[in-house]
Amino acid sequence: MTMPSNRFQKGEAVMGRWPGSSLYYEVKVLSYDTDTQLYTVIYKDGTELELKGADMKRATGFRQSGGRSRSRSRSPSRRRSRSRSPARVTRRSTSRTKEAPKEPKPKDVLEVRVSPLAKPVENNSNNKHDKEVNDTSSRVSEKAEAVLEKNRVGTRYNLRPRKEDPMDQLIEDLQKIVDETLSEPEKQTVGKTAELEFGGKLGAAFMIVFLPAVTFVLLLMCQQKDPSLLDFPPVLPELDTLWDAGVFGIVALWFLFQALLYMLPVGKVVEGLPLATGKRLKYRINGFYAVILSAAALGVAYYQDVDLSYIHDHFMQFAVSSMILSSVLSVYLYVRSRWAREGELAPGGNSGNVIYDFYIGHELNPRIKSFDLKYFCELRPGLIGWIVINFSMLLAEMKFQKLDTPSLAMMLVNGFQLLYVADALWHEEAILTTMDIVHDGFGFMLAFGDLVWVPFTYSLQAFYLVKHPNALSWPWVAVILAIKLIGYSVFRKANSEKNAFRRNPTDPKLSHVRTIPTATGKSLLVSGLWGLVRHPNYLGDIIMASAWSLPCGFTHILPYFYVIYFICLLIHREARDEKQCRKKYGSAWDEYCRQVRYRIIPGVY
Ligand SMILES: NC(=O)C1=CN([C@@H]2O[C@H](COP(=O)(O)OP(=O)(O)OC[C@H]3O[C@@H](n4cnc5c(N)ncnc54)[C@H](OP(=O)(O)O)[C@@H]3O)[C@@H](O)[C@H]2O)C=CC1
Ligand SMILES: CC(C)CCC[C@@H](C)[C@H]1CC=C2C3=C(CC[C@@]21C)[C@@]1(C)CC[C@H](O)C(C)(C)[C@@H]1CC3
């Protein structure tokens, strides 16, 4: 019987939820059953139970959070009201009980429910919305306290069947108070996206036109003899030359081939972060197999004399076909999101405005059975497609420049970006905690970003080099290699430090790290690279990005498009993340900002 590597370990002391309640007690993990995905744990009084991972918390996190747990309610309105309530009561039984433990004292029960839950909300409130929640919280607390006080007198808690249980009656009373205290409008506004990003509705409408236009202009400029900005605007091609049914067929086949690889039953299955419903989705981790199999397929095609430089020669048509595919996908995603349940919507893409929600993405994790469309698109067809495009550019360069071997510049660009993509798929699991998966819905922004923007604009350096060669001296190659190495080390170390810490904060290997506890139970890292700047992974990524452009020389700005865009993207992303972290962690985040003053670049920004 093996324990999942990233979860609780045999012998570990953790806090386990008592079935049917929101109460947590200290338990010791005895074993884990991979088939049922249940942990067998033992309580201090000797009771053995089987618990789901979702019903267990690490002891450190538990103490800071006061044992707060997510609720899974029976209806969306109920769910909304509960999740905002400090006196929230959960009546969910997710565990299989073998035997009941000794009765906990009513006093213990009552204290856990009321006081610690209200406090984090208070600490974290720094906007209007949170203040409203706090007002409501205190109203609920007052009433709840009265009911609890009444129940303290003479009520003994035992584990009899629900209907006869006085504790259940108490729970029911508290829930009624929560539901009654929250007025209807309050209930309805919860879950709606209050603050619009990307310039709101107008900004979203603009981006839907702007992103495809920029992609066109970049590609047209890049294939000009003189790709200088002075030669702007580029000559527009005839409309009918942009469509090729054969090319569209290749794009569609590539998408299906990647979908097939995604569905291969190889690799482990992991759980994502808990959703608003409390549910955790399962994801299969087999991205690296997809890279290997895609490379093998490419190798076979190459040795079967398939002319892969065809992609370069029909690059605009490939881009147009991918735009059509991503647009069709975006419309499908929006239409299906109209039928999604409330708990399945994206916190960031639920404004009620069609254009905005279409752009950001209305549904958080659209799935066809267990096929997760967002997770698939983020890492597979576009990202691996980018590497195939780069390889095609390398072959096209050899053909066009009549070379026996690719140029040094082309080899560096291909090698660097291959490393980046392979690294992303090697650490595939880490994407489950990114903003894109956790917060943003799946709509036009990510569908276009994943399927068009990434493969067609991130490969601009290789596309540029085909017709604009740049000779590199060996010392300069060494400098570029050193920049890439530094950037990659910072990027990898930062992401690994954070992932290791988030996965298992109590790992003895991490005992030396300095942290700031937060009211949510999670802590913030303040040592290592996370003590240097607040986003060291962005810093590494930007350094790496510059190493991808330098092989193209300094004659034109076009191959530097990626690094310029990327800096803007990450500055904007950092601001979005900062806002979300301040909401999540309140004063603990302010303390982190006090201790770590710079956002991305030490001493500068
Ligand atoms: N090539 C490309 O086009 C792009 C690349 N990227 C790269 O993707 C990677 C992931 O980016 P992204 O998801 O934006 O950001 P991060 O991986 O930095 O994730 C941000 C989250 O990390 C947690 N966090 C922040 N500070 C700390 C801390 N001190 N200690 C512990 N946890 C902390 C918070 O979440 P919580 O506390 O809830 O865990 C926060 O919301 C980056 O390397 C980035 O460069 C991103 C966008 C585009
Ligand atoms: C152009 C639009 C306004 C925005 C589009 C943004 C998307 C292109 C990016 C949003 C986050 C991304 C990530 C990666 C690729 C680009 C997009 C989709 C990523 C998969 C690249 C490889 C990295 O190692 C990563 C950390 C896995 C990245 C995750 C975020």
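The rules behind each value
Per chain, the residues get numbers from 1 upward, laid out in the order the sequence is written. Each chain takes a letter, starting from A, and each ligand takes a number, starting from 1, following the order in which they are written. It should be noted that, the model being predicted, local features are given only for residues of pLDDT at least 70 and side-chain atom pairs only at 80 or more, the latter also being counted only at that level, while totals for whole chains, interfaces and linings use all residues. No hydrogens and no water enter the side-chain calculation; it runs on all heavy atoms of the structure. For this document, the term salt bridge refers to a Lys or Arg side-chain nitrogen within 4 Å of an Asp or Glu carboxyl oxygen. For helices the rule is a DSSP run of H or I covering at least 4 residues; for strands it is a run of E covering at least 2, with both sets numbered from the N terminus onward. Throughout this description, buried means an accessible area under 20% of the type-specific maximum (1.4 Å probe, protein chains only), exposed means over 50%, and partly exposed covers the range between. Lines fitted to C-alpha atoms define the axes, with helix axes restricted to the stretch in contact, and inter-axis angles between N-to-C directions lie between 0 and 180 degrees. Our angle categories are set so that under 35 degrees counts as roughly parallel, over 145 as roughly antiparallel, 65 to 115 as roughly perpendicular, and the remainder as oblique. Residues count as neighbours in contact if any of their non-hydrogen atoms are within 4.5 Å of one another. As a working rule, the residues Ala, Val, Leu, Ile, Met, Phe, Trp, Tyr, Cys and Pro are called nonpolar, Asp, Glu, Lys and Arg charged, and the rest polar, with Gly in that last group. Residues are counted as near a molecule or strand when any one of their heavy atoms sits within 4 Å of it. Under the rule applied, a polar contact is a pair of N or O atoms within 3.5 Å (in protein, one hydrogen donor and one hydrogen acceptor; residues adjacent in sequence only if both atoms are side-chain atoms). All accessible areas in this document rest on Shrake-Rupley with a 1.4 Å probe, and a residue is counted as covered only by the protein chains that are shown. These domain boundaries are the output of an automatic or database domain assignment. Given the number of residues in a helix, its expected span is that number minus one, multiplied by 1.5 Å. Bend at a given residue is defined as the angle between two axes, one fitted to the seven residues that end at that position and one fitted to the seven that begin there.

**Considering the pattern of salt bridges**
- For the coordinates displayed, the defined rule picks out 20 salt bridges.
- A salt bridge links glutamate 197 to arginine 576, with the nearest nitrogen and oxygen atoms 3.0 Å apart. Taken as a pair, glutamate 197 in the loop between α7 (184–189) and α8 (200–222) and arginine 576 in helix α22 (residues 561–585) lie far apart in primary sequence, 379 residues in all.
- The exposure class of arginine 576 is buried, given its relative accessible area of 6%.
- Here glutamate 578 and arginine 534 are joined by a salt bridge, their closest N and O atoms 2.8 Å apart. A residue pair is termed long-range when its members are at least 10 positions apart, and glutamate 578 in helix α22 and arginine 534 in the loop between β12 (523–525) and α21 (536–549) qualify at 44 residues. Side by side, glutamate 578 and arginine 534 carry an identical accessibility label, which is buried.

**Structural notes on the packing of α8 against helix α12 (residues 315–337)**
- At a closest axis distance of 11 Å, the pairing of α8 and α12 adopts a crossing angle of 170°. Taken together, the axes of α8 and α12 are roughly antiparallel relative to one another. In contact with Pro212, Thr215, Phe216, Leu219 and Leu220 of α8, α12 contributes Phe315, Met316, Ala319, Val320 and Met323.
- Class assignment for the residues of the contact of α8 with α12 results in 9 nonpolar, 1 polar and no charged.

**Side note on the site of ligand 1**
- Taken together, 26 residues sit near ligand 1, with Tyr458, Tyr538, Asp541, Arg573 and Tyr585 positioned nearest.
- The contact in question runs from an oxygen atom of ligand 1 to an N or O atom on the side chain of asparagine 495, over 3.1 Å.
- Contacts to ligand 1 include arginine 502, whose side-chain N or O atom sits 2.7 Å from an oxygen atom.
- For ligand 1, whose unbound accessible area comes to 920 Å², protein coverage reaches 89%.
- Residue assignment for the shell around ligand 1 shows that the elements contributing at least two residues are α20 (474–503), β12, α21, α22 and α23 (587–595).
- Classifying every residue of the shell around ligand 1 gives 15 nonpolar, 4 polar and 7 charged.
- Domain assignment of the residues forming the shell around ligand 1 places at least three in each of domain 2 (240–468) and domain 3 (472–605).

**Description of helix α18 (residues 444–457)**
- Along its 14 residues, α18 runs just 17 Å from first to last C-alpha, ending more than 12% under the 20 Å computed at 1.5 Å per residue.
- Roughly 40° is the biggest bend found in α18, and it falls at aspartate 450.
- Where burial is concerned, most of α18 is hidden: 14 out of the 14 residues are buried.

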